[in-house]
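Here's the letter readout for the chains.
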Amino acid sequence: MPEFTNDLTHDDLALLLLLAEKRSLTRSAMTLAWSTPKASHRLNHARALIGDELFVRSGNSLVPTKRMEALVPTMRRALEALEGIFAEERFSPLEIDRTIIFEMVDNAAAVLLAPALPALTERAPKLKIRIRPAAGLTLENLWDGTTNLAFGFDIDRELPGDIQSATLFKSRHVAVMRRGHPLLNHPSVKAGIPVGAKVLAPYPYISISMPQWRSLRNIDLAWRAENPSPVRIETPYFLSMPYLLAQSDAYALLTREGAELLSSHLPLAILETDPADIRGWNPQIIWHRRNNADFALQWVRSEICLWFKKHPPMNPEMMLEDENRHR
């Protein structure tokens, strides 16, 4: 049996916090890439130092004692402090030789991941990325570790306490239609007035719908209230939209960045929208709190956030004007 010091180490804290979350010594050991006997030795070491059993068996689970529950916030702060001290000394992006699993929709792959990808791969040339589709179980996938990072969206719901997030930028949804669409001749459009529900209502709508977090119930991310237009097609695929719009008088509401990307290659027109009727778009990168101890994941998400900080998609003056109008 290995000998231990009289102190709790970074690894001890990481194990105890994982046990408090997973309630399984085997799963916690696997997350740390340890053997189960090693994890058992570290747990016994921590029990001896703290003078408490820390976890007791209940069926097939290890349940934290009252003492352990009280210590969790302090241990979490201590672990985060240690990671902050040693992060730069212990890690270089050149060392990343693994696959990072992202969860996202096709629009996010095109306008959130792709722009930051050259900066990521330049500094971490061995980095590999796997994209899995968002199917309504993003939080569950972050909880069980099958997804490392995800692009999420502000849909007026608070994330659970163990899911952390960083907003990449603030933008808008815009109305998109084929060039030559009759709506382009509307007097308010010609006057440069943002379109809202009243102007859009007479025209058929192609809805971008996707499963809500933790539910398979589809939601429309753009409208603040009920969609006023007859729905012609409902699709989860952003990149199918221009082909669905091309031969009809339907319109869609897309993120500004996605709409600009599509219109740069295809015959689409873009109209500004009234924020009283149509939501903004505030994309986030989200992750489970346990990944704060993973320097590779820390680096990847911080590089993506830094890229958008240096290259904000929306003009700040336009964003301020937009917020003032909404007030």
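Just so it is clear, the model here is predicted, and its values are computed rather than measured. (Residues numbered from 1 in each chain as written. Predicted model: local features only at pLDDT ≥ 70, side-chain atom pairs only at ≥ 80, totals over all residues. Heavy atoms only, no water.)

Observations concerning the packing of helix α5 (residues 106-123) against helix α11 (residues 295-310)
Here is step 1: In contact at an axis separation of 9 Å, α5 and α11 are set at 115° when each is read in the N-to-C sense. Every pair of crossing elements has a handedness; the one defined by α5 and α11 is right-handed. Along the contact surface, α5 presents Val111, Leu112, Pro115, Ala116, Ala119, Leu120 and Arg123, while α11 presents Trp299, Val300, Glu303, Ile304, Trp307 and Phe308.
Here is step 2: Grouping the amino acids of the contact of α5 with α11 by side-chain chemistry returns 11 nonpolar, no polar and two charged. (Axes fitted to C-alpha atoms, helices over the stretch in contact; angles between N-to-C directions. Helix = DSSP H or I, 4+ residues; strand = E, 2+ residues; numbered from the N terminus. Left-handed = near helix turned anticlockwise from the far one by under 90°. Contact = heavy atoms within 4.5 Å. Nonpolar A, V, L, I, M, F, W, Y, C, P; charged D, E, K, R; others polar.)

Remarks on the pairing of strand β5 (residues 149-152)
Here is step 1: The side-chain alternation of β5 yields two buried faces, one formed by Leu149 and Phe151 and the other by Ala150 and Gly152.
Here is step 2: In this structure, strand β3 (residues 99-104) lies alongside β5, joined through two bridges in parallel fashion. Considered in β5, the bridge of Glu103 is made with Ala150.
Here is step 3: In terms of strand pairing, β5 meets strand β14 (residues 284-288) through three bridges, oriented antiparallel. Looking across to β14, one finds that Phe151 is bridged to Ile285. (Buried < 20%, exposed > 50% of the residue type's maximum accessible area, 1.4 Å probe, protein only. Pairing = 2+ DSSP bridges.)

Topic: the nonpolar core
Here is step 1: By size, the foremost hydrophobic cluster in this structure holds 42 residues, and its most contacted members are Phe102, Leu112, Phe151, Ile285 and Ile304.
Here is step 2: The residues that make up this core include at least three from each of domain 2 (93-169 + 282-325) and domain 3 (171-281).
Here is step 3: One finds Leu13, Leu25, Leu62 and Met75 within the second-largest nonpolar core, a separate group that totals 21 residues. (Core = buried A, V, L, I, M, F, W, Y, C linked by side-chain atoms within 4.5 Å. Domains from an automatic or database assignment.)

Quick word on the side chain of Asn141
Here is step 1: The residue Asn141 is located in helix α6 (residues 138-144) in this model.
Here is step 2: With relative accessibility at 11%, the residue Asn141 sits in the buried group.
Here is step 3: Side chain to side chain, Asn141 and Glu103 meet in a polar contact 3.0 Å long.
Here is step 4: Apart from residues lying up to four places away in sequence, Asn141 is in contact with Glu103, Arg132, Thr146 and Thr147. (Polar contact = N/O pair within 3.5 Å; in protein donor to acceptor, adjacent residues only side chain to side chain.)

Thoughts on the environment of Ser165
Here is step 1: The topology assignment puts Ser165 in strand β6 (residues 163-167).
Here is step 2: Distance in space between the C-alpha atoms of Ser165 and Phe151 is 9.3 Å, their sequence separation being 14 residues.
Here is step 3: With residues up to four places along the chain from it excluded, the contact list for Ser165 reads Leu159, Gln284, Ile285, Ile286 and Trp287.

Overview of the sheet that holds β14
Hydrogen bonds between backbone groups are what pair the strands of a sheet, and the pairing can be parallel or antiparallel.
Here is step 1: Pairing is mixed in the open sheet, where five strands are placed in the order β4-β3-β5-β14-β6. The open sheet has two free edges, formed respectively by β4 (128-133) and β6, since each of these has just one partner strand. Neighbour-to-neighbour, the strand axes of this sheet turn through a mean angle of 25°, independent of strand direction.

What about the packing of aromatic side chains?
Here is step 1: Evaluation of the coordinates by the stated rule reveals six aromatic pairs.
Here is step 2: Taken together, a centroid distance of 5.1 Å and an interplanar angle of 40° make the contact between Tyr205 and Tyr251 tilted. Taken together, the residues Tyr205 in strand β8 (residues 205-211) and Tyr251 in the loop between α9 (241-245) and β11 (252-255) connect sequence positions 46 residues apart.
Here is step 3: On the basis of relative accessible area, Tyr205 is assigned to the buried category, the value being 1%. (Phe/Tyr/Trp six-rings, centres within 6.5 Å; stacked < 30°, edge-to-face > 60°.)

Quick notes on the environment of His10
Here is step 1: Secondary-structure assignment places His10 in helix α1 (residues 10-22).
Here is step 2: Here His10 falls in the buried class, since its relative accessible area comes to 17%.
Here is step 3: A C-alpha to C-alpha distance of 9.5 Å links His10 and Glu80, two positions 70 residues apart in sequence.

A few points about the pattern of salt bridges
Here is step 1: In total, this model carries eight salt bridges according to the counting rule given.
Here is step 2: Between Arg290 and Glu21 there is a salt bridge, and its shortest N-O distance comes to 2.7 Å. Residue Arg290 is located in the loop between β14 and α11, and its partner Glu21 is located in helix α1; the two are separated by 269 residues in the primary sequence.
Here is step 3: Between Asp249 and Arg178 there is a salt bridge, with the nearest N and O atoms lying 2.6 Å from each other. Of this pair, Asp249 sits in the loop between α9 and β11 while Arg178 is found in strand β7 (residues 171-178), placing the two residues 71 residues apart along the sequence. (Salt bridge = Lys/Arg side-chain N within 4 Å of Asp/Glu carboxyl O.)

Let's talk about α11
Here is step 1: Its 16 residues give α11 an end-to-end C-alpha distance of 22 Å, which sits within 8% of 22 Å, the value for a rise of 1.5 Å per residue.
Here is step 2: Restricting attention to buried positions, one finds in α11 the residues Phe295, Ala296, Leu297, Trp299, Val300, Arg301, Glu303, Ile304 and Phe308.
Here is step 3: Where α11 begins, one side-chain oxygen reaches toward the backbone nitrogen of Ala296, 3.1 Å away; that side chain belongs to Asp294. (Expected span 1.5 Å × (residues − 1).)

Things to note about the confidence of the model for the protein chain
Low pLDDT means the predicted coordinates in that region are not meant to be read closely.
Here is step 1: Of the residues in the protein chain, 87% reach a pLDDT of 70 or more, and the chain-wide mean stands at 85.
Here is step 2: Element-level mean pLDDT values for the protein chain span from 45 in helix α12 (residues 316-326) up to 95 in strand β12 (residues 268-271).
Here is step 3: Segment residues 1-5: pLDDT under 50, and seven contacts once partners within four positions in sequence are set aside and those in other chains are kept.
Here is step 4: Contacts of residues 316-327 to residues separated by more than four positions or lying in other chains number 12 contacts, the stretch itself having pLDDT below 50. (pLDDT = per-residue confidence, 0-100.)

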